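Here's the letter readout for the chains.
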Amino acid sequence: MGQGSELPAQGLMCKTGWTGLPSRQRWGFPMAIGEREARGAVNELNPEKGTNAKTERKPVEDAIQSRLRSVEFGEPQIYETIAIVPLITRGDGKFQYRTLGESLADWDIAITEVSIAGSIQELMVVNHTAKPILMIGGEELAGAKQNRALNTSILVKEDSKTTIPVSSTEQGRWSYTSKVFRESGIVVACKTRSQKTPSVHSCLEARGAPLADQLEIWHGIAELQTKAGAASPTSAMSDVFRAREEDLRKCDAIFKAVPNQVGLLAIINGRPAGADLVSLKAAYAKLHSKLVRSYALEGLLDSSAKPATPDSAIPGAQAFLAAILAAEERQFRSVRSWQLNEQSQF
């Protein structure tokens, strides 16, 4: 594992076609897996490279297939209706990047509204460092005029400015609480990621832009608030997680990262709910807790779900991985970046 040629820093990014949208990063490019992934995958090409989809399809497909086949399943971890299967590998990818959380903590990245007036669907990212930054689909940002979550996984180019596609996760606020965004510590609930995926893919096909159905997302958050009994003056997704913090801490204690883990596959109510995979063990360690919580919240709020069993977890994971390997691949252009040759205007 970890052998073979790596793709360029801003080369190809793969986002899949179906449920929870966390990110699986393999061979130097981010990927996202969800429950309905067997319906298709989307590879996003860097427009600055001017790359032709036909010439790039084979290297991307080979890289994805090779890395997925190298994944091994760890011992299933069980809590009530939730089963988490660790995805492990013996080697790291060669391509290096940082996670969103560590970059924000070190003030190496600045995320703001695109203008003083703001736009619900877009944010501006300025990466001041010489390393790319991985931002995974569903990762939430807090502050500015309204909390947002990424519509897709993005590898932000080094020393660049990038406009990123997002959706609101806080319907009842449109006023500044801060100039810049901070990490909220949340990857939005897997069902919310699932709900936005079809509209993101439809918009990619129709307009070439990964935009989501905002009303559908707000409706999904409202349903979660009702299930969790979470009062929220601004209808914020983060308040749902806060309301179930005690239960989520129990999940943290049970679903611990294991050696060589680079991802997870979640099974809720006996069915695969989604999977997340990255290429670096150190990067996954920083993402583990909030990825687990994204799935755990859904399982905790599903009162009709059946108790999970270790015996069914591995066969379910194997069938899901086989469906991913058989998925159809399609390609679209990625978001555009600009080199940092001028000051941010905000």
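Look up: the structure comes first, before these words.
Residues numbered from 1 in each chain as written. Predicted model: local features only at pLDDT ≥ 70, side-chain atom pairs only at ≥ 80, totals over all residues. Heavy atoms only, no water.

S.K.: What exactly am I supposed to notice about the packing of helix H6 (residues 245-254) against helix H7 (residues 281-301) here?
M.R.: Two numbers describe a pair of packed helices, the interaxial angle and the distance between the axes. Running from N to C, H6 and H7 cross one another at 125°; their axes reach a closest spacing of 10 Å. Accordingly, the angle class assigned to the pair H6 and H7 is oblique. When the axes of H6 and H7 are compared, the crossing they make is right-handed. Taking contact as the criterion, the partners of Glu245, Asp247, Leu248, Arg249, Cys251 and Asp252 in H6 are, on H7, Ser289, Arg293, Ala296, Leu297 and Leu300. Of the residues contributing to the contact of H6 with H7, the split by class is 5 nonpolar, 1 polar and 5 charged. (Axes fitted to C-alpha atoms, helices over the stretch in contact; angles between N-to-C directions. Helix = DSSP H or I, 4+ residues; strand = E, 2+ residues; numbered from the N terminus. Parallel < 35°, antiparallel > 145°, perpendicular 65-115°, else oblique. Left-handed = near helix turned anticlockwise from the far one by under 90°. Contact = heavy atoms within 4.5 Å. Nonpolar A, V, L, I, M, F, W, Y, C, P; charged D, E, K, R; others polar.)

S.K.: What am I meant to see in the sheet that holds strand E15 (residues 154-156) here?
M.R.: In a beta sheet, neighbouring strands are held together by backbone hydrogen bonds and run either parallel or antiparallel to one another. Pairing is mixed in the open sheet, where 3 strands are placed in the order E9-E12-E15. Unpaired on one side and paired on the other, strand E9 (98-99) and E15 mark the two borders of the sheet. For E9 and strand E12 (residues 133-135), the ladder comprises 2 bridges, and the chain directions are parallel. Paired with Arg98 across the bridge in E12 is Ile133. (Pairing = 2+ DSSP bridges.)

S.K.: Would you explain the packing of aromatic side chains in this entry?
M.R.: Aromatic ring pairs: the centre-centre distance and the angle between the two ring planes describe each pair. Counted by the stated rule, this structure contains 1 aromatic pair. Cation over ring: Arg193 sits above Tyr295, and NZ or CZ is 5.1 Å from the ring centre. (Phe/Tyr/Trp six-rings, centres within 6.5 Å; stacked < 30°, edge-to-face > 60°. Lys NZ or Arg CZ within 6 Å of the ring centre and 35° of its normal.)

S.K.: Explain the nonpolar core to me, please; I cannot follow it from the model alone.
M.R.: Across soluble globular proteins, nonpolar side chains have a tendency to be buried as a group. Formed by 45 residues in total, the largest nonpolar core has its most connected members in Tyr97 and Leu264. Taken together, the elements giving at least two residues each to this core come down to strand E8 (82-88), strand E17 (181-187), helix H3 (190-207), helix H4 (214-228), helix H5 (237-243), H6, strand E18 (261-268) and H7. Per-element tally for this core: the top contributor is H7, with 10 residues. Listed in part, the 18 residues of the second largest apolar core include Ala275, Leu277, Phe320 and Leu321. (Core = buried A, V, L, I, M, F, W, Y, C linked by side-chain atoms within 4.5 Å. Buried < 20%, exposed > 50% of the residue type's maximum accessible area, 1.4 Å probe, protein only.)

S.K.: I tried to follow the environment of Ser103 on my own but got confused; where do I start?
M.R.: Here Ser103 lies in helix H2 (residues 100-105). For the pair Ser103 and His128, spaced 25 residues apart in the sequence, the C-alpha separation amounts to 9.7 Å. With sequence-adjacent residues up to four places away left out, Ser103 is seen in contact with Arg98, Asp108, Ile109 and Ile133.

S.K.: I keep staring at the side chain of Gln146 and nothing clicks. Help me out?
M.R.: By secondary structure assignment, the location of Gln146 is in the loop between strand E13 (139-143) and strand E14 (148-150). Looking at Gln146, the relative accessible area reads 2%, which means it is buried. Engagement of the side chain of Gln146 in a polar contact is seen with the backbone oxygen of Glu170, the distance being 2.9 Å. If near-sequence neighbours (up to four positions away) are discounted, Gln146 is found in contact with Glu113, Ile120, Ser168, Glu170, Gln171, Arg173, Trp174, Phe181 and Trp218. (Polar contact = N/O pair within 3.5 Å; in protein donor to acceptor, adjacent residues only side chain to side chain.)

S.K.: Looking at this structure, I do not really get H4. What am I missing?
M.R.: Residue pairs three or four apart in sequence face the same way in an α-helix, which turns once every 3.6 residues. Between its terminal C-alpha atoms H4 stretches 21 Å, which fits the 21 Å expected from 15 residues at 1.5 Å a residue. The inward-facing, buried residues of H4 abut strand E16 (160-168), H3, H5 and H7. With a side-chain oxygen lying 3.3 Å from the backbone nitrogen of Leu215, the N-terminal cap of H4 falls on Asp213. Once H4 ends, the next one or two residues include Gly229, with phi positive near 65°. (Expected span 1.5 Å × (residues − 1).)

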